[in-house]
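Each chain, written out:
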Amino acid sequence: MKKMKDILIMGIESSCDETSVAIVKNGREVISNIIDSQISIHEKYGGVVPEIASRNHVEVISSVTEEALKQANIHWSEIDAIACTYGPGLVGALLVGVSYAKALSYALNKTLIGVNHLEGHIAANYITHLDLKPPFLTLQMSGGNTQLILVKDYTSFEILGKTRDDAVGEAFDKVARVIGLGYPGGPKVEKLAKTGKPTIILPKPNLDNLDFSFSGIKTAVINLNHKDPNINKADLAASFQKDVAEILTENVEKAIKETGIKKVALAGGVSANLYIRNKFEELKKKQGLEIFYPELRLCTDNAAMIAAAGYYHYIKGEQSDLSLNAIPNLKLNEN
Ligand code: KG4
């Protein structure tokens with residue numbers, strides 16, 4: 001039951017290959033979170049096919065929404081606002097969720113809130129850790145983005161460093177494809193790496209600020225595999241994963257020294273990687289940090305995190321109008 005002061009936000013997420021609708025209470029409590037994943041559809045193409053993704057979003061978005069309301073056991077009249085991802089992501093896929101949210105907002109006279117997908121990944125931590133409050137550092141590790149962010153407030157961010165080339169998830173996916181593991185690559189590289197030893201030397205970037213680079217190490221894996229197709233793939237996966245974990249943890253360690261902030265939240269699909277989480281646990285012990293991870297099901301794309309991020313805009317009185325559009329290359333500070 002909704003108490004007088006409870007705020008219920010419906011979240012809608014369709015930026016890539018997951019159609020998801022969720023109902024979240026007061027920004028932190030997930031009442032329902034339905035995720036319709038298209039992984040099995042795109043698997044045979046070795047990656048997400050944008051046009052197929054858009055069509056599938058159109059096909060399932062109404063039934064996913066009905067299921068989210070049914071599981072939450074609430075009526076439309078109880079929803080305070082509709083929050084939808086409007087970028088970054090695939091433009092056709094984003095447009096499905098944005099158009100659907102705009103139509104609902106207009107027809108039902110509900111507040112509309114456009115949410116930056118990257119803010120959503122950060123907000124996944126608010127659902128898992130009820131006491132987490134800004135300021136803290138976030139390491140955003142997704143398929144499309146890798147950046148180190150100072151979360152100054154719930155809706156205010158400063159980018160401290162970002163990748164100069166590939167995103168870390170993209171590097172995992174490309175390595176997986178080259179060594180014959182298929183899509184989605186991250187979890188498959190992690191599984192194979194468990195059976196190998198990190199004995200292969202790969203080049204690591206040497207940047208003097210808080211930026212990242214993953215293309216050198218990715219290209220080295222591709223070249224080694226090309227030169228010797230019989231190379232031990234498990235050792236290659238383990239070596240790649242170890243070096244990636246070192247690049248990530250070393251940059252966070254530098255950011256802690258520069259900012260003096262010892263609270264770090266991990267975000268995005270790659271934060272589901274247990275080897276990388278373990279490396280952050282080691283850093284936590286070494287530096288006396290507080291480290292937060294979203295629960296595994298909230299690491300990858302879902303609408304609960306979008307509703308949670310939308311809540312913090314809602315309570316500040318920020319809303320979108322019906323001119324809201326999909327912005328495929330939306331940056332964190334541009335909302
Ligand atoms: O954050 P996300 O769900 O989507 C974007 O918004 O980009 O991240 C997807 C990325 C993919 O590149 C996927 O391979 C990677 O996260 N990923 C992983 C793991 N699970 C997902 N990478 C490494 N290890 C994992 N266990």
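Just above sits the structure.
The model shown is predicted, which means the values in this text are computed figures rather than measured ones.

Rules behind the numbers
- Residues numbered from 1 in each chain as written.
- Predicted model: local features only at pLDDT ≥ 70, side-chain atom pairs only at ≥ 80, totals over all residues.
- Heavy atoms only, no water.
- 1 Å grid on protein atoms, 1.4 Å probe; cavity = no way out; pocket = protein on both sides within 12 Å on 5 of 7 lines; lining within 4 Å.
- Points joined across faces, edges and corners; volume = space filled by probe spheres on them.
- Helix = DSSP H or I, 4+ residues; strand = E, 2+ residues; numbered from the N terminus.
- Nonpolar A, V, L, I, M, F, W, Y, C, P; charged D, E, K, R; others polar.
- Near = heavy atom within 4 Å.
- Polar contact = N/O pair within 3.5 Å; in protein donor to acceptor, adjacent residues only side chain to side chain.
- Areas by Shrake-Rupley, 256 points an atom, 1.4 Å probe, with all protein chains shown as cover.

K.L.:
Break down the layout of surface pockets for me, citing the residues and quoting the values.
P.N.:
Computed from the structure, the largest pocket encloses a volume of approximately 1500 Å³. In terms of lining, the largest pocket is formed by 49 residues, of which the most central are Cys16, Ser142, Gly143, Gly144 and Asp173. Listing elements by their share of the lining of the largest pocket, those giving two or more residues are α4 (117-128), β7 (146-153), β8 (156-162), α5 (168-178) and α6 (185-193). Looking at the lining of the largest pocket, the element that brings in the most residues is α5, giving 6 residues. Residue classes in the lining of the largest pocket are distributed as 17 nonpolar, 22 polar and 10 charged. Estimates place the volume of the second largest pocket at around 170 Å³.

K.L.:
Tell me about the site of the ligand, and name the residues and values.
P.N.:
Taken together, 18 residues lie near the ligand, and Ser142, Gly143, Asp173, Glu190 and Gly269 sit nearest. Contacts to the ligand include glycine 143, whose backbone N or O atom sits 2.8 Å from an oxygen atom. Within the contact set of the ligand, a nitrogen atom lies 3.1 Å away from a side-chain nitrogen or oxygen of asparagine 273. Relative to its free-state accessible area of 550 Å², the ligand is covered by the protein chains to the extent of 87%. Breaking the shell around the ligand down by element, the ones donating at least two residues are α4, α5 and α6. Across the shell around the ligand, the residue classes break down as 4 nonpolar, 11 polar and 3 charged.

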